[in-house]
Amino acid sequence: MRDELSPTLIRRGLRTRLIGQDITYLRTVDSTNTVAARAASRGAADGLLVIAEEQTAGRGRLGRRWESPPGVGLWFSLVFRPPDLPLTAMNRLLMLTGCAVAQAIEQVAHLSAWLKWPNDVLVNGRKVGGLLGQAALTPPPIGVNLRRGRLEIAPGSRRHCLRLPDRPPARTGASTPVDAWPQAPEVRLESLNLTPVTLPPGPLPSPNIGAEGVWGRGESLDWAIVGVGLNVNADAATMQAIAPHASSLLVERGQPVSRVRLLRAILESIEPRYDALRAGETERLRAEWAARLATLGQQVTVTTPAGALEGLAEDVDADGALLLRLPDGRLERLLAGDVTLRTT
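No experiment lies behind these values; they were computed from the predicted model shown. (Residues numbered from 1 in each chain as written. Predicted model: local features only at pLDDT ≥ 70, side-chain atom pairs only at ≥ 80, totals over all residues. Heavy atoms only, no water.)

**Overview of the sheet that holds strand E3 (residues 73-80)**
Now for step 1: Strand order across the open sheet formed by 7 strands is E1-E2-E3-E14-E6-E5-E4, with mixed pairing between neighbours. In the strand order of this sheet, the two ends are held by strand E1 (23-29) and strand E4 (113-116), each with one partner. Geometrically, the sheet is characterised by an average inter-axis angle of 20° between neighbouring strands, direction not taken into account.
Now for step 2: Pairing of strand E6 (residues 126-137) with strand E14 (residues 221-231), which is carried by 9 bridges, proceeds in the antiparallel orientation. Within E14, the position partnered with Leu131 by the bridge is Val228.
Now for step 3: Strands strand E2 (49-55), E3 and E14 of the sheet are contacted by helix H6 (residues 259-278), whose axis makes an angle of about 25° with E3. (Pairing = 2+ DSSP bridges. Helix = DSSP H or I, 4+ residues; strand = E, 2+ residues; numbered from the N terminus. Axes fitted to C-alpha atoms, helices over the stretch in contact; angles between N-to-C directions. Contact = heavy atoms within 4.5 Å.)

Structure below.
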């Protein structure tokens, strides 16, 4: 079954006011997350949906490739612009999206759906989908100091890359001679005629006068992207070829599922949860997510960059961290890792 997706079909009957109302539809793309991040950095609206029939370089967690063949899955990304939320809200966006995906699967495909910490979607114990997030931070107030020929810039957003003007900066409406720069007191950014530029990949240049740019960090989310990959109507042979240990809704259900109906249900399930997040209802979201996690209450092995840990997956906190009870009784808080169930 190859049911078509299009902005017209997606919007038809879609009961949201924000999520998915603005749509970028692509036949083929390298990664919807890449397209969504590019759009977000250029000011895309909250709730933008970027969806493709096929991804040629889809990404999973930890840099893994996500196979996304044409016409049989849902490969999409959503742009979120939550106001004044901390970086930890990125995890909460993943949590609420995972719950929405699971609920939509149950409503449309009539299959019991679970989540595996941190971002896998399970049906009958087999992975049918996953989520991937990325984010950018807002800039804090920025000040510039010019002392002894050095340009010192307080941390700012990675979006705010700066180049010095050719002419000396002015402060309080008066020109500051070049020979007076080393003695110049703090100069506010808005008094400098700075030009945004794009830095190439690689190490950041030192913030000397004449340096091409400076990246920094803010304290709250400017925008966030949540990407979703869901194997919908891939048959058993296709799944065996692209992901032998995974499955699809078609394989688990025995009959195809309407992708457009499932997508609408996901978007409609995300919106009230996003509203709850923006209203500060983090405990409600945490409790719902915890109830969906097949990982909790299980003896697991968690592989992290620092090594493997074994213990009881006891709970999760409001930021999405797994609380792992180690054999010696200590409670370890983990924000990332790969989980496998211990069979012995």
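**Regarding the side chain of Ser248**
Now for step 1: Inspection of the secondary structure assignment puts Ser248 in the loop between helix H4 (236-242) and helix H5 (249-253).
Now for step 2: Ser248 sits in the buried class, given a relative accessible area of 0%.
Now for step 3: Not counting the four nearest positions on each side in its chain, Ser248 is found in contact with Val128, Asn231, Val232, Ala234 and Met239. (Buried < 20%, exposed > 50% of the residue type's maximum accessible area, 1.4 Å probe, protein only.)

**Let's talk about the packing of aromatic side chains**
Now for step 1: Going through the model one piece at a time under the given rule, you end up with 1 aromatic pair.
Now for step 2: Consider the rings of Phe80 and Tyr274, whose centres lie 4.9 Å apart with planes at 65°: the pair is edge-to-face. Here Phe80, found in strand E3, pairs with Tyr274, found in helix H6; they are 194 residues apart in sequence, far enough to count as distant.
Now for step 3: Given a relative accessible area of 0%, Phe80 falls into the buried group.
Now for step 4: Take Tyr274: its relative accessible area is 0%, and that puts it in the buried class.
Now for step 5: Of note, Arg278 hangs over the ring of Tyr274, and the distance from its end group to the ring centre comes to 4.5 Å. (Phe/Tyr/Trp six-rings, centres within 6.5 Å; stacked < 30°, edge-to-face > 60°. Lys NZ or Arg CZ within 6 Å of the ring centre and 35° of its normal.)

**Some words on the pairing of strand E16 (residues 307-316)**
Now for step 1: As paired strands, strand E15 (residues 299-304) and E16 are joined by 6 bridges and run antiparallel to one another. Looking at the pairing, Val302 lines up with Leu309 of E16.
Now for step 2: Between E15 and E16, which follow one another and run antiparallel, lie 2 residues.
Now for step 3: Two strands pair when backbone bridges link them, and E16 and strand E17 (residues 322-325) are joined in this way by 4 bridges, in the antiparallel orientation. In the sheet register, Val316 faces E17, and the bridge partner there is Leu322.
Now for step 4: Connecting E16 to the next strand, E17, in antiparallel fashion are 5 residues, including Gly320 with a positive phi near 90°.

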